[in-house]
There are 2 protein chains.
Amino acid sequence: MKFILIGTFLLSTICFAAFSQEKHNTAVPEKGLTKVSIMYPYAENKTFNIEYYETKHMPMVAGFLGSNLVKYTIEKGVASGIPNQPLPFMAIGTFYVKSLSDYQAAIGPNREAIRADFPNYTNITPVILVSEVVK
Amino acid sequence: MKFILIGTFLLSTICFAAFSQEKHNTAVPEKGLTKVSIMYPYAENKTFNIEYYETKHMPMVAGFLGSNLVKYTIEKGVASGIPNQPLPFMAIGTFYVKSLSDYQAAIGPNREAIRADFPNYTNITPVILVSEVVK
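First, a word on what this report is: a plain description of the structure on this page. Just so you know, these numbers come straight off a predicted model, no measurement behind them.

In this section: helix H3 (residues 100-107) of chain B. Residues and elements named next belong to chain B. Within the sequence span of H3, burial applies to Tyr103, Ala106 and Ile107. Buried residues along H3 cover an arc of 95° about the axis, so they all sit on one side. Tucked into the core, H3 has its buried residues touching strand S1 (34-41), helix H2 (50-65), strand S3 (89-97) and helix H4 (111-117).

With respect to the secondary-structure elements, Pro109(A) resides in the loop between helix H3 (100-107) and helix H4 (111-117). The spacing of Pro109(A) and Phe64(A) is 45 residues in sequence and 9.6 Å in space, taken between C-alpha atoms.

Turning to the pattern of salt bridges, a few remarks are in order. For the structure shown, the criterion picks out eight salt bridges over all chains. For Glu30(A), the salt bridge goes to Lys71(B), with nearest N and O atoms at 3.2 Å. Of this pair, Glu30(A) sits in the loop between helix H1 (2-26) and strand S1 (34-41) while Lys71(B) sits in strand S2 (residues 69-80), on two different chains. Classification of Lys71(B) as partly exposed rests on a relative accessible area of 25%.

Before going further, it helps to examine the packing of aromatic side chains. Given two aromatic rings, one states the distance between the centres and the angle between the planes to describe the pair. The tally for this structure, following the rule as stated, stands at 21 aromatic pairs over all chains. Ring geometry for Tyr53(A) versus Tyr121(A): centroids 5.1 Å apart, planes at 45°, classification tilted. Of this pair, Tyr53(A) sits in helix H2 (residues 50-65) while Tyr121(A) sits in the loop between H4 and strand S4 (127-133), and the two are 68 residues apart along the sequence. You'll find Tyr53(A) and Tyr121(A) in the same group, each marked buried. Summarising the aromatic geometry, the rings of Tyr72(B) and Phe95(B) are spaced 6.0 Å apart at their centres and angled 45° between planes, so their arrangement reads as tilted. With Tyr72(B) in strand S2 and Phe95(B) in strand S3, this residue pair connects regions lying 23 residues apart in the sequence. Like Phe95(B), Tyr72(B) is buried.

The subject of this paragraph is unusual backbone geometry. Residue and element names in this part refer to chain B. Despite not being glycine, Asn45 shows a phi value in the positive range, around 65°. Among the secondary structure elements, Asn45 is positioned in the loop between S1 and H2. Take Asn45: its relative accessible area is 69%, and that puts it in the exposed class. If you check the backbone angles, Asn84 has positive phi at about 65° while not being a glycine. As for its position among the elements, Asn84 is in the loop between S2 and S3. The class of Asn84 is exposed, set by a relative accessible area of 82%.

Residues and elements named next belong to chain B. Packing of H2 against H3 brings their axes to within 8 Å, and their N-to-C directions diverge by 115°. When the axis of H2 is compared with that of H3, the two are roughly perpendicular. The interaxial crossing formed by H2 with H3 has right-handed handedness. The residues of H3 that touch H2, namely those facing Val61, Phe64 and Leu65, are Tyr103, Ala106 and Ile107.

How each quantity is defined
- Residue positions are given per chain, counted from 1 along the sequence in the order it is written.
- The lettering of chains begins at A and the numbering of ligands begins at 1, in the order of writing.
- The model is predicted, so local features are restricted to residues of pLDDT at least 70 and side-chain atom pairs to those at 80 or more, both for listing and for counting; the totals for chains, interfaces and linings are taken over all residues.
- Excluded from the side-chain calculation are hydrogens and water; included are all heavy atoms of the structure.
- Residue burial is assigned from relative accessible area. The probe radius is 1.4 Å, only protein chains are included, and a residue is buried under 20% of its type maximum, exposed over 50%, and partly exposed in between.
- Numbering goes from the N terminus for both helices and strands, where a helix is a DSSP run of H or I of at least four residues and a strand is a run of E of at least two.
- Taking the helix axis as origin, the arc is that swept by the directions to the C-beta atoms.
- In what follows, residue pairs with any heavy atoms lying within 4.5 Å of each other are defined as contacts.
- Salt bridge, as used here, is a side-chain nitrogen of Lys or Arg placed within 4 Å of a carboxyl oxygen of Asp or Glu.
- Pairs were defined over the aromatic rings of Phe, Tyr and Trp, the Trp ring being its six-membered one, requiring ring centres within 6.5 Å. Orientation was assigned from the angle between planes: stacked under 30 degrees, edge-to-face over 60, tilted for the rest.
- Under this scheme, a helix contributes an axis fitted over its contacting stretch, all axes are lines through C-alpha atoms, and angles between N-to-C directions fall in the 0 to 180 degree range.
- Any angle between 65 and 115 degrees counts as roughly perpendicular, while under 35 counts as roughly parallel, over 145 as roughly antiparallel, and the rest as oblique.
- By definition, turning the near helix anticlockwise from the far helix through less than a right angle yields a left-handed crossing, and turning it clockwise yields a right-handed one.

Here it is as structure tokens:
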């Protein structure tokens, strides 16, 4: 009898933990977050080492952002969606942050270190879009 | 005693459901998906009605894509991330799909309906990027 009660208590705890975890997974909706997208336009004679970008550059920058960073993503340009048009971007890296001013405050003192790493993976000058997630 | 056993059984079921649900929430990682991003470049005298885009246009297009569509997002351009540079894009709508060829097959017969809706929310000719989610 005692064991069953203890077992029930343990099960309740695990159950509660599972629900909490589930809540945690859905608790960070993207809506309302700020996106900072670093977009690398395609052009002839431009190069982009996506492996270096994924394993070195983006983790370095993400490390500067602390708890303001909700997540970051990397996408590799494949084609234009319009026939006979050139590829618009070779790659895009995106930081999803809670606060743009906190992002800027974190990047400011590290700007030179970030720029100094560019030649290690690309010769493209990026375009940077700050946007708000609407949906 | 019998009630405790039934209670334990019910709790186990709920617990299992909670874990399954949790798994379900994390079972669709973006990595490996194809993104189709419809990007609306900013320029003077260009307009974009994001409310119409969110409530009418994007749901219409999403409706053509069926189960190939994992999710879609909408972002509103706020600023360039580089001081003294113009806003790169007024808005971007993105479809995350499992298969690019299925996307193209679904859009093909509806292209005219999609284009005919453009003047209802914008006078911008979009750039379309097909990309692969790397991370």
